[in-house]
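So you can see what is in the structure, the chains are spelled out below.
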Amino acid sequence: MGNLNVTKLSKKKDKANYIHQLTKDIEALEFMIENNMIEKAPIRIGAEQEFCLVNNEFLPKGNALELLKDIDDDHFTTEIGNYNLEINLDPFELRDDCFSKLHQQLKDLLQKAKVSAEKHNTKIALTGILPTLTLKHISIDNMTPIQRYYVLNEAIKESRKQDFNIHIKGVDELNLLHDSVMLEGCNTSFQTHLQINPDDFIKSYNWAQAISGPVLSVCTNSPFLFGKELWSETRIALFTQSVDTRANSFLLNEKQSRVSFGNSWETGNISDIYKDNISRFRSLVTSEFDRDSLEMLKHGEIPKLKALSLHNGTVYRWNRVCYGVGDGKPHLRIENRYIPSGPTMTDEIANMMFWVGIMVGRPKTEDNIHNTMDFKDIKSNFFTAARYGMAAQFFWKGKMTPSKDLILDELLPMAYRGLYKMGITPKDAEYYLTVIENRVNIHNGSQWLTKSYRSLLKSKKPIEALQVLTANMYLKQEHDYPVSTWEVLNKDVHTTFDIDKKVVHVMNTDLFSVEKKDSLELVINIMKWKNIHHMPVINSKKELIGLLSWTDIKNHINEIEESTKCVQNFMKDELITITKEKSVAEAKQLMITHAINCLPVVKGNKLVGILTSNDFNL
């Protein structure tokens with residue numbers, strides 16, 4: 001949606017005016033294509049860098065507007081979450097050392113952001129999904145307070161008429177009902193743009209679709225969400241569900257999601273892709289449109305196609321078509337939206353070069369890939385890459401091929417040829433594509449994060465492990481050495497930053513619980529089998545109502561008569577509890593003061609964890 005002032009599309013008059021502007025924009029686009037008005041050369045590249053703002057404990061920090069004001073640079077703009085910002089990099093002609101120049105501009109702009117961030121005790125992190133995000137960070141309170149985000153949220157909620165049901169199954173499983181589009185704020189990406197000759201647009205777009213799976217597999221960097229290990233690139237699953245306007249129902253829902261890979265190969269020209277989007281997805285928002293695009297063309301002016309761009313901004317294809325005007329000339333682009341932010345700037349530029357190189361290196365034999373490959377195989381490849389990253393196998397040219405073999409044997413050589421054809425300096429091509437090659441042979445971002453986190457869990461509870469992981473990721477990012485050079489963290493690694501230890505860092509969350517009418521014999525055996533000394537008692541609403549300790553029941557073990565004794569006769573119902581936000585020091589003092597060895601952790605009346613004296617070495 002850019003920086004347009006938008007309002008919800010609700011009145012009949014507004015809808016009629018918007019549809020009129022939208023159809024005129026399509027007609028204007030077709031007129032420009034038919035009359036060779038769309039720029040064909042030179043070819044340019046561009047990118048958008050989304051990044052996270054974190055505090056000194058590497059938790060999200062919601063001060064984006066404050067930082068944006070301090071940075072005071074038009075390259076920067078907001079995102080939906082108040083702990084994210086975005087940089088819009090300048091376009092560069094695809095030649096010579098353009099990737100090094102883009103890299104340098106990114107460094108300069110991020111350094112500018114870091115200077116401002118430091119004044120506000122804030123740090124900048126590059127990652128697809130920030131590992132330390134929690135459910136409280138996706139509340140509406142953390143939405144950037146700008147009209148267009150609230151308008152979009154209301155429009156999507158009104159269209160859907162029910163909460164968002166998020167279900168992602170990976171190594172762990174996430175089931176979540178949420179009441180806003182703020183889940184979108186979990187995603188941070190490095191969006192890459194490539195200008196396309198209009199005469200070659202459909203062939204290029206279909207090729208972009210075909211290579212999406214293999215390219216994504218080496219770029220994955222988002223394995224965690226809310227402490228769950230899910231997909232190698234969890235952003236793909238999350239974003240698809242987080243702005244879905246389709247309601248769940250008992251009926252077969254054939255409508256396509258607004259976040260989509262597509263359902264078929266494209267034919268015709270770029271206007272047909274726009275027409276398909278308009279036909280499938282109703283407009284959610286509108287804005288002020290002062291001039292008719294066709295009228296502008298008649299007066300020798302180049303229109304920005306504002307209505308079409310506004311609609312396009314609410315349809316999130318992973319390979320998105322884009323129209324733009326630069327230096328008074330209209331052009332067409334493909335925007336690659338599936339590559340995540342991070343792990344470093346070097347990795348991001350390498351990802352970009354790899355994708356661009358394959359795009360411009362497309363062999364003539366692949367000009368009609370829609371005739372030689374089934375689209376469903378291509379779509380399957382994409383989601384396989386999102387799930388498994390470098391462990392993926394792709395159906396490619398009639399056979400199953402491991403990601404590693406396809407990249408090293410076919411796609412990397414193709415990228416080199418394409419880049420050299422465009423006049424990219426060998427020094428640049430070799431430097432950045434070697435980053436990709438090393439990543440294939442060693443590990444990519446999601447592999448490093450997953451291996452390191454699993455290692456940290458051997459000595460730390462999950463919340464602390466995620467903070468230590470994020471802190472060390474940040475330290476390594478600061479050097480801008482590619483992720484393939486990063487050593488996997490060992491279990492005893494800590495951080496040079498002070499993390500204020502709270503109950504949430506040390507509590508146990510893998511809990512066994514019982515109900516008050518459960519058999520005491522069963523409970524005693526569970527406690528023996530699992531070596532548990534304290535058993536929380538909950539009711540049907542999952543509320544904590546009591547606590548059973550081994551000390552309370554051990555003298556009764558030999559007196560048990562089958563089915564005659566139950567938990568409620570032995571449990572304590574006057575409990576000392578604590579919340580997870582309290583400090584570890586406060587928890588220790590509570591246990592000492594009340595001479596207890598177990599402290600249930602609650603949120604309201606609900607049990608969320610258990611602290612025992614063993615957790616403190618008391």
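Residues numbered from 1 in each chain as written. Predicted model: local features only at pLDDT ≥ 70, side-chain atom pairs only at ≥ 80, totals over all residues. Heavy atoms only, no water.

Concerning the overall build of the chain
- When helices and strands are tallied, the chain shows 21 helices and 22 strands.
- A compact globule built from 618 residues should have a C-alpha radius of gyration of about 25 Å, and the chain, at 27 Å, falls within 12% of that.
- Judged by the C-alpha coordinates and their principal axes, the chain covers about 95 × 60 × 55 Å.
- Excluding contacts between residues fewer than 6 apart, the proportion of contacts in the chain whose partners are at least 24 apart in sequence is 73%.
- On the chain, the mean spot of the 76 positive side-chain charges and the mean spot of the 79 negative ones are 2 Å from each other. (Helix = DSSP H or I, 4+ residues; strand = E, 2+ residues; numbered from the N terminus. Rg over C-alpha atoms; globule rule 2.2 N^0.38 Å. Contact = heavy atoms within 4.5 Å. Lys, Arg positive; Asp, Glu negative; His and termini not counted. Charge placed at Lys NZ, Arg CZ, Asp CG, Glu CD.)

Observations concerning unusual backbone geometry
- Cis rather than trans, the peptide bond between Ala-41 and Pro-42 has omega equal to -5 degrees.
- One non-glycine residue, Phe-226, lies in the positive phi region at around 55 degrees.
- You can see Phe-226 is positioned in the loop between strand E10 (224–225) and strand E11 (228–229).

A closer look at the nonpolar core
- The biggest cluster of nonpolar side chains holds 155 residues, and the ones touching the most others in it are Phe-51, Leu-94, Phe-99, Leu-194, Phe-201 and Phe-354.
- Apart from residues no more than four positions distant in its own chain, Phe-354 is found in contact with Val-215, Val-218, Ile-407, Leu-411, Leu-412, Ala-415, Leu-433 and Ile-436.
- Membership of the second largest hydrophobic core comes to 14 residues, among which are Val-523, Val-537, Leu-548 and Val-567. (Core = buried A, V, L, I, M, F, W, Y, C linked by side-chain atoms within 4.5 Å. Buried < 20%, exposed > 50% of the residue type's maximum accessible area, 1.4 Å probe, protein only.)

Remarks on the packing of helix H5 (residues 201–219) against helix H10 (residues 345–360)
- Close contact between H5 and H10 brings their axes to 10 Å; oriented N to C, the two are set at 145 degrees. Of the two possible hands of crossing, H5 and H10 adopt the one that is right-handed. Between H5 and H10, the residues in contact are Ser-204, Trp-207, Ala-208, Ile-211, Val-215, Val-218 and Cys-219 and Asn-351, Phe-354, Trp-355, Ile-358 and Met-359, respectively.
- Split by residue class, the contact of H5 with H10 holds 10 nonpolar, 2 polar and no charged. (Axes fitted to C-alpha atoms, helices over the stretch in contact; angles between N-to-C directions. Left-handed = near helix turned anticlockwise from the far one by under 90°. Nonpolar A, V, L, I, M, F, W, Y, C, P; charged D, E, K, R; others polar.)

Some words on the pairing of strand E8 (residues 173–178)
- Side chains of E8 alternate between two faces, with Leu-174, Leu-176 and His-178 buried and Glu-173, Asn-175 and Leu-177 left unburied.
- With 6 bridges joining them, strand E7 (residues 164–169) and E8 adopt antiparallel strand pairing. Along E8, the bridge assignment pairs Phe-164 with His-178.
- Taken together, E7 and the strand that follows it, E8, pair antiparallel across an intervening segment of 3 residues. (Pairing = 2+ DSSP bridges.)

Observations regarding helix H14 (residues 426–441)
- Compared with an ideal rise of 1.5 Å per residue, which puts 16 residues at 22 Å, H14 spans 22 Å between its outermost C-alpha atoms and is within 8% of the ideal.
- In this fold, the buried residues of H14 make contact with helix H3 (98–119), H5, H10 and helix H13 (403–421). (Expected span 1.5 Å × (residues − 1).)

Some details on the packing of aromatic side chains
- Evaluated as defined, the whole model comprises 16 aromatic pairs.
- When the centroid spacing of 4.8 Å and the interplanar angle of 25 degrees are considered together, the rings of Phe-261 and Phe-382 count as stacked. Linking Phe-261 in the loop between strand E12 (259–260) and helix H7 (270–280) with Phe-382 in helix H12 (residues 375–388), this pair joins segments that are 121 residues apart in sequence.
- Aromatic rings pair up to connect Phe-239, Phe-261, Trp-265, Tyr-316, Trp-318, Tyr-338, Phe-375, Phe-382 and Phe-383 into one cluster. (Phe/Tyr/Trp six-rings, centres within 6.5 Å; stacked < 30°, edge-to-face > 60°.)

Regarding the pattern of salt bridges
- Across all of its chains, the model carries 26 salt bridges by this definition.
- Between Glu-335 and Arg-320 there is a salt bridge whose closest N-O contact spans 3.1 Å. In this pair, Glu-335 sits in strand E16 (residues 329–336) while Arg-320 sits in strand E15 (residues 319–326), placing the two residues 15 residues apart along the sequence.
- Note on Glu-335: relative accessible area 2%, which makes it buried.
- Here Lys-397 and Glu-366 are joined by a salt bridge, their closest N and O atoms 3.0 Å apart. On the criterion of sequence distance, the pair formed by Lys-397 in the loop between strand E17 (393–396) and strand E18 (399–402) and Glu-366 in the loop between H10 and helix H11 (369–372) is long-range, its members being 31 residues apart.
- Residue classification places Glu-366 among the buried positions, given a relative accessible area of 7%. (Salt bridge = Lys/Arg side-chain N within 4 Å of Asp/Glu carboxyl O.)

Regarding the side chain of Glu-464
- Turning to its location among the elements, Glu-464 is positioned in helix H16 (residues 462–479).
- Classification of Glu-464 as buried rests on a relative accessible area of 10%.
- When residues no more than four places from it in sequence are discounted, the contact partners of Glu-464 are His-494, Lys-501 and His-505.

Considering the confidence of the model for the chain
- Looking at the chain as a whole, the pLDDT averages 90, with 94% of positions reaching at least 70.
- Within the model, the stretch residues 248–254 combines pLDDT values under 50 with 5 contacts to residues more than four positions away or in other chains. (pLDDT = per-residue confidence, 0-100.)

Concerning the side chain of Thr-314
- When you line up the elements, Thr-314 lands in the loop between helix H9 (306–312) and strand E14 (316–317).
- Polar contacts involving the side chain of Thr-314 include one to the main-chain carbonyl oxygen of His-311, which spans 2.9 Å. (Polar contact = N/O pair within 3.5 Å; in protein donor to acceptor, adjacent residues only side chain to side chain.)

Digging into H3
- When the terminal C-alpha atoms of H3 are compared, their 32 Å separation across 22 residues agrees well with the 32 Å that a helix rising 1.5 Å per residue should span.
- For H3, the full list of buried residues reads Cys-98, Phe-99, Leu-102, His-103, Gln-105, Leu-106, Leu-109, Leu-110, Ala-113, Ser-116 and Ala-117. Seen along its axis, H3 keeps its buried residues to an arc of 165 degrees; they face one direction. Those residues of H3 that are exposed and angled more than 90 degrees off the buried face are Glu-118 and Lys-119.
- Immediately beyond the C-terminal end of H3, within one or two residues, lies Asn-121, with a positive phi of roughly 50 degrees. (Arc of directions from axis to C-beta.)

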